[in-house]
Structure formats: structure tokens, C-alpha cells
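# Inside the fold
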Amino acid sequence: MTFPIIRNAVIAALLLGGCAKAPTMDQNGNGTAAHRKEWAIAIHGGSGTMRRDAGPEREREYLDALDSALTIGRNVLAAGGTSVDAVEAVVRHMEDNPLFNAGRGAAYNRDGMHELDAAIMVGDTKKSGAVAAVREVRNPITLARFVMDSTMHSLMAGRGAEELADTAGIERVPDDYFHTSMREERWLEENGRGTVSAEAGEVEPDDASLDNRMGTVGAVALDRFGNVAAATSTGGLTNKLPGRVGDSPLIGIGTYADNASCAVSCTGHGEEFIRQTVAFRIAALMELKGESLDTAVTTVVDTKLRQGTGGVIAVDAKGNLSLEFNTRGMYRGAADSDGRFETAIWAKE
Ligand code: ASP
């Protein structure tokens, strides 16, 4: 009967060990681990960020939100949970937070409605599940997980996906659940101009609308069993055409996981990521060219994506983490079994 006590003590020690916080982290977020970490996790809340002069309170709100999401993932992994459970739990939590453009805080499409995309993938079996342009599903990532675990399919879209949610008992909510005045204002602005907002930093530094350009949430993780996983969820671009699907639910584009290389979750201008096959390109550079995680991620972000179009988080099977972006900031966080626990918003100056 002493086993549970010992086990709890081990978990407590792990949790405490992981609590050493630093207020900022390097833009690359890369460690120099010679050894394989027991577990590691990176999260993002989009690569379009608030105005730099939005004030410390606003900044604190986002850092706290990242902190609680990262804590959820860290706790799952430190307690011996799987990477797929960790990334789903983190993304689900961020979907429920109106600060982020996913789930509750999703962007408005041209018709003032919300259509959501999400994907999840595991690196050992390479099984994946995704949903595209679904309406009235509170947690699209959980529906994506259901597609992966309980159907013969990889990607479900529109009405069929919504019916699947009903069959599975996955919570449906009316469209006005996704109403937030921040995103509505952004939509009215874009709609009036007849433009589409990339939710990323393709704007002038003094553009007042920057405060509303947060987009997409995602997580990548390595667990104690050596398996990587990735999950991404988004409301997509503000004022997008109804039926538009971005990069997030596309395997190999916005989301990917393979134990032979890495797990990747992207954020930014989806069409740009689709053109550049971003997530698989990073994995292919590692697997076929033998590049390190950091080199592969940096190469793709710096040389394939137009400046100001987005960012990437990735983890490899040794627990190295990479967090790269070419926008002015990316809401992000990283934690690992060596005690790292960091969240940040801005690019390093
Ligand atoms: N990548 C998402 C999309 O294009 C948006 C974002 O990450 O901000 O749908």
C-alpha cells in the first residue's frame, strides 16, 4: 500500500521541479539537450499579437492564460500521461478561453458566423483526425480526436462532422456561444473594408486593430513512452468566405506528428502555409536530410514563408523544442522534464 504514496511523492517532486519559471524565453526556445528528455511540451496561441502598447495588464492576461494552458499539459506529461492526451487537454482548455481565436473566441466569417477547423495526430501510429468548417461544436479538437480514435476516416467536414459530434455525444452550442465583442469588432472592420484578416502580423506597427488579431491555438508534446503528438484548433481568418478551410486541419500542413522526425503545429496565414507544405516540409528536412529540429524549423520559417505570415512550434523525439515565427510576436510557452517552464509573447529584440 506504500506504492501510491511513493508514486504521489514522485509526481509532486516532478511538478515542483517543473515550476521554476522565467518571465521570458529565447525566441527560438531551443535547448541544447544532449540527452533525451523524459517529456517536453510547447504551446502557441497564435502569431498575431496585441499592440505592444496595450499595457501590462493586457499582457499579463495573455501570459496568465498561456501559463494555465502550459500547466495543464505539463501536469499530464509529468504524471506519466501520453502526449496525445496532453495536447488535446491543452488545446481544449485554450478553445474555452475567449482570448484566443479557437472555440469560444473564434473569428467571424463573412456572414458573421463561426466555422471551426481542428486536427490532432500521434507520432507512433501516425494516426490522425481532423474536422473542417464545423459549426456549433464547442471543442472541435475533441471531435477531431473522436474522428481519429473511433472512425475509419481522417478528415470530416461540415454537416457530416456535426452529425458525428451528436452521435458521439460531443457538446454542441448555439453560434452565439462564440460571440465576443473583440472578434465582432474586428469582423465589422474587415467586412466594411471588404478584406480578410490573416490574424497574423501583416500590418503596420501602429495599426490599432492589431489588438484583435490573435489566431489559432496549438500544442506539440513528447511523452515518457517516446511518442510525439500535435494538435491545432482555429476559428480561421476573420471575414473568410463560408466554407473556407485553412492549414490547421490539414495533415502535413498546419499539423503533423511522426516519431521519426517531429511533431509540428502552425499558426499564421493558412494559404501561405498550404502553398509551402510547412509541417511536412520540416519533418522531411529532418528525416531525409538529417537536419536538426531547430535547423529544419528555422529554414522553413526564414526561407519559405513570407515575412509577417506566421510561426511554428515543434518537438522532436529527444524532447528538443523549437518555437519560431516571422511576425512581431507569437503567444507561446515551453516546458520540459528538465525544469523549463516559460511563456512569452514578443520576438526577442
Ligand atoms: N492558420 C489559421 C488559418 O489560416 C489562422 C491563424 O493561425 O491565425 O486558418
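I will try to describe carefully the structure that is included in this document. Keep in mind that this is a model prediction, so the values were computed, not measured.

Rules of the game
Residues numbered from 1 in each chain as written. Predicted model: local features only at pLDDT ≥ 70, side-chain atom pairs only at ≥ 80, totals over all residues. Heavy atoms only, no water. Pairing = 2+ DSSP bridges. Helix = DSSP H or I, 4+ residues; strand = E, 2+ residues; numbered from the N terminus. Axes fitted to C-alpha atoms, helices over the stretch in contact; angles between N-to-C directions. Contact = heavy atoms within 4.5 Å. Phe/Tyr/Trp six-rings, centres within 6.5 Å; stacked < 30°, edge-to-face > 60°. Buried < 20%, exposed > 50% of the residue type's maximum accessible area, 1.4 Å probe, protein only. Lys NZ or Arg CZ within 6 Å of the ring centre and 35° of its normal.

### What to know about the sheet that holds strand β10 (residues 321-325)
- Read from one edge of the open sheet, four strands run β7-β8-β9-β10, paired in antiparallel fashion. Only two strands of the sheet have a single neighbouring strand rather than two, namely β7 (255-257) and β10. Pairs of neighbouring strands in the sheet enclose a mean axial angle of 10 degrees, with direction left out of account.
- Judged from the seven bridges that link them, strand β8 (residues 262-268) and strand β9 (residues 310-316) form a sheet pairing that is antiparallel. Of the residues in β9, the one forming a bridge with T267 is G311.
- Where helix α8 (residues 278-289) meets the sheet, its contacts fall on β7, β8 and β9, and the angle it forms with β8 comes to roughly 145 degrees.
- Helix α9 (residues 293-303) rests against β8, β9 and β10 of the sheet, and its axis sits at about 10 degrees to β10.

### Focus: the packing of aromatic side chains
- What the rule picks out here adds up to six aromatic pairs.
- Their ring planes at 85 degrees and their centres at 5.5 Å tell us that Y256 and F280 sit as a pair that is edge-to-face. Separated by 24 residues along the polypeptide, Y256 in strand β7 and F280 in helix α8 bring together distant segments of the chain.
- Residue Y256 is classed as buried on the basis of its relative accessible area of 6%.
- Between R104 and the ring centre of Y177, over which it is positioned, the NZ or CZ distance is 5.4 Å.

Shape descriptors only; they carry no functional weight alone.
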